[in-house]
Amino acid sequence: ERLICDLLQAVLSRHGHEVLTATKGLDVPELFRRHRPQITVLDLHLQDTNGIAVLKQIRAVDSKDSVIMLTGGGTDELEHRARLLGVTDFLRKGLSLETLVGALDRVITQPGQPALPTRCAPGKPAESQPRESILVVDDEPSVRDLLSQFLTLRGFRVRTAQNGPEA
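Residues numbered from 1 in each chain as written. Predicted model: local features only at pLDDT ≥ 70, side-chain atom pairs only at ≥ 80, totals over all residues. Heavy atoms only, no water.

A.B. asks: Explain the confidence of the model for the chain to me, please; I cannot follow it from the model alone.
C.D. replies: Detailed reading of predicted coordinates is not advised where the pLDDT is low. Across the chain, pLDDT averages 79, with 87% of residues at or above 70. Per-element confidence in the chain is highest for helix H3 (residues 51-61), whose mean pLDDT is 94, and lowest for helix H6 (residues 141-153), whose mean pLDDT is 77. Predicted confidence for residues 114-130 stays below pLDDT 50, and this span has 26 contacts to residues more than four positions away or in other chains. (pLDDT = per-residue confidence, 0-100. Helix = DSSP H or I, 4+ residues; strand = E, 2+ residues; numbered from the N terminus. Contact = heavy atoms within 4.5 Å.)

A.B. asks: It is not clear to me how the pairing of strand E3 (residues 89-92) should be interpreted in this structure. Could you clarify?
C.D. replies: Regular strands place side chains that alternate from one sheet face to the opposite one. Across four bridges, strand E2 (residues 66-71) lies against E3 in parallel orientation. Across the sheet, threonine 71 pairs through a bridge with arginine 92, a residue of E3. The β-α-β motif built from E2, the intervening helix H4 (residues 76-84) and the parallel element E3 has right-handed crossover chirality. (Pairing = 2+ DSSP bridges. Right-handed = clockwise from strand over helix to strand, strands pointing away.)

A.B. asks: So what exactly am I meant to see when it comes to the environment of glycine 51 here?
C.D. replies: As for its position among the elements, glycine 51 is in helix H3. In this structure, the C-alpha to C-alpha distance between glycine 51 and leucine 70, residues 19 residues apart in sequence, is 8.9 Å.

A.B. asks: Would you take a moment to explain helix H5 (residues 97-108) for this structure?
C.D. replies: Given 3.6 residues per turn, any residue in an α-helix points the same way as the ones three and four places further on. The end-to-end C-alpha separation of H5 is 16 Å, in line with the 16 Å expected for twelve residues at 1.5 Å each. Along H5, the residues classified as buried are Leu97, Leu100, Val101, Ala103, Leu104, Val107 and Ile108. Axial view of H5: buried residues confined to an arc of 155°, hence all on one face. Packing partners of the buried residues in H5 comprise helix H1 (2-14), strand E1 (39-43), E2, E3 and H6. (Expected span 1.5 Å × (residues − 1). Buried < 20%, exposed > 50% of the residue type's maximum accessible area, 1.4 Å probe, protein only. Arc of directions from axis to C-beta.)

A.B. asks: I would appreciate a short explanation of the pairing of E1 in the present structure.
C.D. replies: With respect to burial, E1 is a largely interior element, four of its five residues being buried. As paired strands, E1 and E2 are joined by five bridges and run parallel to one another. Bridge assignment links threonine 40 to a residue of E2, and that residue is valine 67. For the handedness criterion, the β-α-β arrangement of E1, H3 and E2 is classed as right-handed.

Rendered as structure tokens:
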């Protein structure tokens, strides 16, 4: 989803990572070959294909590259298939951004991994005073959390509600 890609790009960039995004699974193999990212964060369910098929194509190029698989509805069988293909980590959606950033940091600090250039201190958002208040209303807790964290990093005071009456 474009919104999620944009939010993750903004948040992870603030943590010092260079981020490339793709919303179509069929675009990933070429993007991977061209840029050879240190870590790939891959959704299990994509609009045009599935993450396991994309993971197989990544493995055809590099059998050891770090790939973190995300899923909102993965089964134990799909997780097992991903692990057989050497996925670095398998995370369930709905996790906090800190959990994802922590997983990335663990991969980066593994022996043999080159350090990434840092534009700001990892884990430290750019300093700013909250300027305006924003109310985020969404029935999906993971979307509320992601938007809240994204907007907070942008300097907004954020309040959330799960539905119209609560808002």
